[in-house]
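Here are the chains, one letter per residue:
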Amino acid sequence: MKDFFYAIEDLFVDVLFAPFDALRALELESWFAANIVSWLFIIVGFLAMLYWMKQLKTSDDNNEEDKSISAHSYL
């Protein structure tokens, strides 16, 4: 059973975490390149927010929202 857990350890440490080790080594050369994944997430999130705001503006222009006081049950 001990070998089973050592195999799991080897899988994670030597195989699955290898890209993170490469990013850690890259950070010494270029901080921006090491954080490329974070930059991509920020860009995707910003584009999603812009798309969401555009859709909200479109529905607001079409008067699709019920703005009456009793529109929501929790009010």
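Shown above is the structure to which this text applies.
Model, not experiment: these values are computed from the prediction.

Counting its secondary structure elements, the protein contains four helices and zero strands. The N-to-C order of helical and strand elements in the protein reads α-α-α-α. Scaling as 2.2 N^0.38, a compact globule of 75 residues should have a C-alpha radius of gyration of about 11 Å, whereas the protein reaches 24 Å, well beyond that. Overall, the protein is about 65 × 40 × 15 Å in size when its C-alpha atoms are taken along their principal axes.

What follows is about the packing of aromatic side chains. Two numbers describe a pair of aromatic rings. These are the distance of the centres and the angle of the planes. For the structure shown, the criterion picks out six aromatic pairs. Measuring from ring centre to ring centre gives 5.5 Å for Phe4 and Phe5, while their planes differ by 70°; the resulting arrangement is edge-to-face. Of the residues examined, Phe4 reaches a relative accessible area of 47% and is grouped as partly exposed. Between Phe32 and Trp39 the ring centres are 5.9 Å apart and the planes differ by 25°, which places this aromatic pair in the stacked class. Relative accessible area serves as the criterion here: at 33%, Trp39 is assigned to the partly exposed category. The rings of Phe12, Phe17 and Phe20 are connected pair by pair, giving a single aromatic cluster.

A few words now on helix H4 (residues 36-61). Across its 26 residues, H4 extends 37 Å between first and last C-alpha, which sits within 8% of the 38 Å expected from 1.5 Å per residue. Positive backbone phi, approximately 55°, marks Asn63, located one or two places after H4.

Okay, the packing of helix H1 (residues 2-16) against helix H2 (residues 18-27) next. For the pair H1 and H2, interaxial distance at closest approach is 5 Å and the crossing angle is 40°. Here H2 runs oblique to H1, going by the angle between their axes. Of the residues in H2, those in contact with Val13, Asp14, Val15 and Leu16 of H1 are Ala18, Pro19, Phe20 and Asp21. Class assignment of the residues belonging to the contact of H1 with H2 gives a composition of six nonpolar, no polar and two charged.

Turning next to the pattern of salt bridges. Evaluated as defined, the whole model comprises two salt bridges. The salt bridge partner of Asp21 is Arg24, with a shortest N-O separation of 3.4 Å. Linking Asp21 with Arg24, this pair stays in helix H2, spanning three residues, or about one helical turn. A relative accessible area of 57% places Arg24 in the exposed class. A salt bridge links Lys57 to Asp61; the nearest nitrogen and oxygen atoms lie 3.0 Å apart. With a gap of four residues between them, Lys57 and Asp61 both fall in helix H4, about one helical turn apart. Classification of Asp61 by relative accessible area gives partly exposed; the value is 47%.

Reading the values: rules and limits
- Sequence positions are assigned chain by chain, starting from 1 and proceeding in written order.
- pLDDT decides what is reported in this predicted model: residues at 70 or higher carry local features, side-chain atom pairs at 80 or more are listed and counted, and totals for whole chains, interfaces and linings draw on all residues regardless.
- Side-chain measures were taken over the full set of non-hydrogen atoms in the model, leaving aside hydrogen atoms and water.
- Strands are runs of DSSP state E lasting at least 2 residues, helices are runs of H or I lasting at least 4, and numbering of each runs from the N terminus.
- Atoms considered for the radius of gyration are the C-alpha atoms alone. The globule rule reads 2.2 Å times the number of residues to the power 0.38.
- Centres within 6.5 Å make a pair out of two Phe, Tyr or Trp rings, where for Trp the six-membered ring is used; the pair is then stacked when the planes are under 30 degrees apart, edge-to-face when over 60, and tilted otherwise.
- Relative accessibility under 20% of the residue-type maximum defines a buried residue, over 50% an exposed one, and the middle range a partly exposed one, all with a 1.4 Å probe and only protein chains included.
- Given a helix with a known number of residues, its expected span is that number minus one, times 1.5 Å.
- Axis definition: a line fit to C-alpha positions, over the contact stretch in the case of helices; interaxial angles, taken between N-to-C directions, run 0 to 180 degrees.
- When an angle is under 35 degrees it counts as roughly parallel; over 145 it counts as roughly antiparallel; between 65 and 115 it counts as roughly perpendicular; any other value is oblique.
- In what follows, residue pairs with any heavy atoms lying within 4.5 Å of each other are defined as contacts.
- Three residue categories are used. Nonpolar comprises Ala, Val, Leu, Ile, Met, Phe, Trp, Tyr, Cys and Pro, charged comprises Asp, Glu, Lys and Arg, and polar comprises the others, including Gly.
- By convention in these notes, a salt bridge is any Lys or Arg side-chain nitrogen within 4 Å of a carboxyl oxygen on Asp or Glu.

By themselves, these observations are geometric and do not establish any function.
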